[in-house]
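# Per-entry structural report
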Amino acid sequence: MTKWEQIYQSKLVSAQEAAQALKSGDNIFLPIGAGDAPAVLEAMAGRKDELEGVSVHQMLPLRNLTYLQPGMEKHFRSNGWFLSGLNRGLAQQGLADVTPNFFYDSPRLITEYWDVDVVMATVSPMDEHGFFSFGVNVDYISTAAQKAKIVILEVNPSMPRSFGDSFIHVSDATFLVENNIPIPEIPPAPVSQLDRVIGNYIAELVEDGSTIQLGIGGIPQATAQCLLSKRDLGVHTEMITDSIMDLVEAGAANGSKKTMNRGKVVGTFALGTRKLYDFIHNNPAVELYPVSYTNDPAVIGRQHKMVTINAAIEVDLLGQCASESIGHAQFSGTGGQADFSHGAIRSPGGKGFITIPSTTKGGTISRIVATLKPGAVVTTSKNAVDYVVTEYGVAKLRGKTLRQRAEALIAIAHPDFRGQLREEGRKLQIL
């Protein structure tokens with residue numbers, strides 16, 4: 001038995017034993033959903049009668065674990081930096097917290113602003129040098145692990161071993177727990193005809209040799225399909241998805257023209273199918289870094305011809321994008337949209353796209369509006385918006401006057417609402 005294997009065995013405990021280290025009032029930090037520690041979190045929930053006021057900090061929870069159930073908030077209160085369907089309802093009822101942040105800035109908030117009592121994360125098995133990999137989640141958790149008083153690692157052979165700045169040494173762990181349940185998967189979203197139309201508009205404006213950022217959903221997937229005929233694309237993104245894997249495997253994305261991390265697919269977390277996780281495993285062409293690097297607008301802006309693609313809930317006639325709330329109701333979070341929108345406009349030859357279907361609720365409500373709903377959160381300010389795309393076309397906003405912006409946005413709104421938008425624009429003295 002090697003030195004590192006001896007240390008491993010000395011720290012190996014059951015989930016229940018690890019959970020005994022938790023105390024009331026602790027601040028617990030978990031990585032983005034696919035990388036949390038389900039066995040220890042369930043053991044924690046089993047101690048609910050002994051614990052109060054525990055804050056669980058996480059972006060995008062994906063497992064429907066006991067601590068997230070209604071009625072548990074006295075013991076374990078979710079603090080969501082980006083909500084999912086598992087804590088959205090709790091937040092909207094005031095039973096969970098929401099912390100505003102720029103995604104790229106979250107490691108600095110951890111370092112300078114927040115107390116970190118416990119980190120829990122799933123990691124890949126230890127290598128011969130004593131290192132685990134955070135696998136599909138480097139995000140902010142690698143920074144939190146450096147500050148935490150207690151580090152609990154769930155070692156799972158289902159977690160891929162990723163390259164980049166993704167490693168943590170056995171000497172830095174407080175407790176190790178073994179688990180072998182599957183890593184959460186998200187299948188590719190179905191692609192509608194509307195998605196394909198929007199994706200094609202974007203693809204027509206993406207030049208060979210561009211570096212791209214894609215998210216998840218029908219429109220990003222459709223865009224990726226439309227990009228399969230491109231050449232020498234690079235990838236610098238926050239989320240690595242199946243669509244990005246498809247671009248690499250098709251030869252469309254090889255990273256040969258990237259300004260930074262040439263030849264590498266770079267992201268801060270990955271979320272998709274088992275095929276994606278197997279693609280990442282021990283693949284030197286894929287590198288994951290802390291979000292303070294991947295999402296830093298200054299880093300993004302150094303990539304030549306950086307193309308960013310994000311979605312909004314509403315866009316008003318000034319170009320303001322509400323992408324995380326529906327009126328006062330918090331729906332998700334800022335995520336990386338603002339980071340990449342600011343980065344794209346810094347990039348030489350860069351292009352930033354905000355995508356939005358023209359209507360919702362069966363065509364009864366326009367998603368291009370004169371003014372945002374009262375209380376709506378402006379995720380991306382008008383100054384950072386470059387292009388807005390609907391199924392009716394592309395509106396280029398950057399460098400345009402307020403009047404020109406309004407005209408361009410009305411032109412890509414659903415025809416049923418263009419007259420009303422024009423009338424409201426006149427009342428607002430924009431037109």
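A short tour of the structure in this document, coming up. (Residues numbered from 1 in each chain as written. Predicted model: local features only at pLDDT ≥ 70, side-chain atom pairs only at ≥ 80, totals over all residues. Heavy atoms only, no water.)

### A look at the packing of helix α7 (residues 193-205) against helix α8 (residues 218-226)
Two elements in contact, α7 and α8, have axes whose closest approach is 8 Å; the angle formed by their N-to-C orientations is 50°. Taken as axis vectors, α7 and α8 run oblique relative to one another. In terms of crossing hand, the pair formed by α7 and α8 is right-handed. Judged by residue contacts, Asp-195, Arg-196, Ile-198, Gly-199, Asn-200, Ile-202 and Ala-203 of α7 engage Gly-218, Ile-219, Ala-222, Thr-223 and Cys-226 from α8. Partitioning the contact of α7 with α8 into residue classes produces six nonpolar, four polar and two charged. (Axes fitted to C-alpha atoms, helices over the stretch in contact; angles between N-to-C directions. Helix = DSSP H or I, 4+ residues; strand = E, 2+ residues; numbered from the N terminus. Parallel < 35°, antiparallel > 145°, perpendicular 65-115°, else oblique. Left-handed = near helix turned anticlockwise from the far one by under 90°. Contact = heavy atoms within 4.5 Å. Nonpolar A, V, L, I, M, F, W, Y, C, P; charged D, E, K, R; others polar.)

### Considerations on the nonpolar core
Among the nonpolar cores identified, the biggest contains 67 residues, and Phe-29, Phe-132, Phe-134 and Leu-153 are the most heavily contacted of them. When sequence neighbours within four positions are dropped, the list of residues in contact with Leu-153 reads Ala-121, Val-123, Phe-132, Phe-134, Ile-168, Ala-173, Phe-175, Leu-176 and Val-177. With 26 residues, the next largest nonpolar core counts Ala-19, Ile-28, Val-40 and Val-56 among its residues. (Core = buried A, V, L, I, M, F, W, Y, C linked by side-chain atoms within 4.5 Å. Buried < 20%, exposed > 50% of the residue type's maximum accessible area, 1.4 Å probe, protein only.)

### Some words on the sheet that holds strand β2 (residues 54-59)
In space, the seven strands of this open sheet follow the order β4-β3-β2-β1-β5-β7-β10, with parallel pairing throughout. In this open sheet, the two edge strands, each paired with only one partner strand, are β4 (97-98) and β10 (175-178). Pairing between β2 and strand β3 (residues 76-82): six bridges, direction parallel. Bridging from a neighbouring strand, His-57 pairs with Asn-79 of β3. (Pairing = 2+ DSSP bridges.)

### Some points on the side chain of His-75
Mapped onto the elements of the fold, His-75 is located in the loop between β2 and β3. Of the polar contacts made by the side chain of His-75, one reaches the backbone oxygen of Leu-51; its length is 2.8 Å. Setting aside residues no more than four positions away along its own chain, His-75 makes contact with Lys-48, Leu-51, Glu-52, Gly-53 and Val-54. (Polar contact = N/O pair within 3.5 Å; in protein donor to acceptor, adjacent residues only side chain to side chain.)

### Focus on the packing of helix α14 (residues 402-412) against helix α15 (residues 415-427)
Where α14 contacts α15, the two axes come as close as 8 Å, and the packing angle between them is 160°. With respect to their mutual orientation, α14 and α15 come out roughly antiparallel. Regarding α14 and α15, the two cross each other, and that crossing is right-handed. Here Glu-407, Ile-410 and Ala-411 of α14 lie close against α15, whose contacting residues are Arg-418, Leu-421 and Arg-422. Tallied by class, residues from the contact of α14 with α15 come to three nonpolar, no polar and three charged.

### Thoughts on the packing of aromatic side chains
For the structure on display, the rule yields nine aromatic pairs. Consider the rings of Trp-81 and Trp-114, whose centres lie 5.0 Å apart with planes at 40°: the pair is tilted. Of this pair, Trp-81 sits in strand β3 while Trp-114 sits in the loop between α5 (106-112) and β5 (118-123), placing them 33 residues apart in sequence. Neither Trp-81 nor Trp-114 differs from the other in exposure class; each is buried. Among the aromatic residues, those joined into a ring-pair cluster are Phe-29, Trp-81, Trp-114 and Tyr-140. We note Arg-88 situated over the ring of Phe-331; from NZ or CZ to the ring centre the distance is 3.9 Å. Against the face of Tyr-392 rests Arg-418, its NZ or CZ located 5.5 Å from the ring centre. (Phe/Tyr/Trp six-rings, centres within 6.5 Å; stacked < 30°, edge-to-face > 60°. Lys NZ or Arg CZ within 6 Å of the ring centre and 35° of its normal.)

### A closer look at the pattern of salt bridges
Following the criterion strictly, the structure yields 18 salt bridges and no others. Measuring nitrogen to oxygen at the nearest pair gives 3.1 Å for the salt bridge that ties Arg-422 to Glu-407. Of this pair, Arg-422 sits in helix α15 while Glu-407 is found in helix α14, placing the two residues 15 residues apart along the sequence. For Arg-422, a relative accessible area of 26% translates into the label partly exposed. Taken together, the salt bridges that share partners define one network made up of Glu-207, Lys-305 and Lys-351. (Salt bridge = Lys/Arg side-chain N within 4 Å of Asp/Glu carboxyl O.)

### With respect to unusual backbone geometry
The backbone phi angle of Asp-232 is positive, close to 60°, even though this residue is not glycine. Along the chain, Asp-232 turns up in the loop between α8 and β12 (234-236). For Lys-305, which is not a glycine, the phi torsion comes out positive at approximately 55°. On the secondary structure map, Lys-305 appears in the loop between α12 (297-301) and β17 (306-311).

### Focus on the environment of Ile-7
Relative to the helices and strands, Ile-7 is located in helix α1 (residues 3-11). In this structure Ile-7 comes out as partly exposed when scored by relative accessible area, which is 21%. Along the backbone, Ile-7 and Gln-92 are 85 residues apart, and their C-alpha atoms lie at a distance of 45 Å.

### Overview of the pairing of strand β26 (residues 387-390)
Burial along β26 is two-sided: Tyr-387 and Val-389 facing one way and Val-388 and Thr-390 facing the other are all buried. Strand direction decides the pairing type here: strand β22 (residues 351-355) and β26, joined by three bridges, are parallel. Bridge pairing in β26 places Thr-355 opposite Val-389. Pairing of β26 with strand β27 (residues 393-396), which is carried by four bridges, proceeds in the antiparallel orientation. Counted as the bridge partner of Thr-390 is Gly-393 from β27. Adjacent in sequence and paired antiparallel, β26 and β27 are bridged by two residues.

### Some points on α8
Of all nine residues in α8, seven are buried; the element is thus mostly enclosed. Those residues of α8 that sit buried are Gly-218, Ile-219, Pro-220, Gln-221, Ala-222, Thr-223 and Ala-224. Its buried side turned inward, α8 meets α7, α9 (242-249), β17 and β22.

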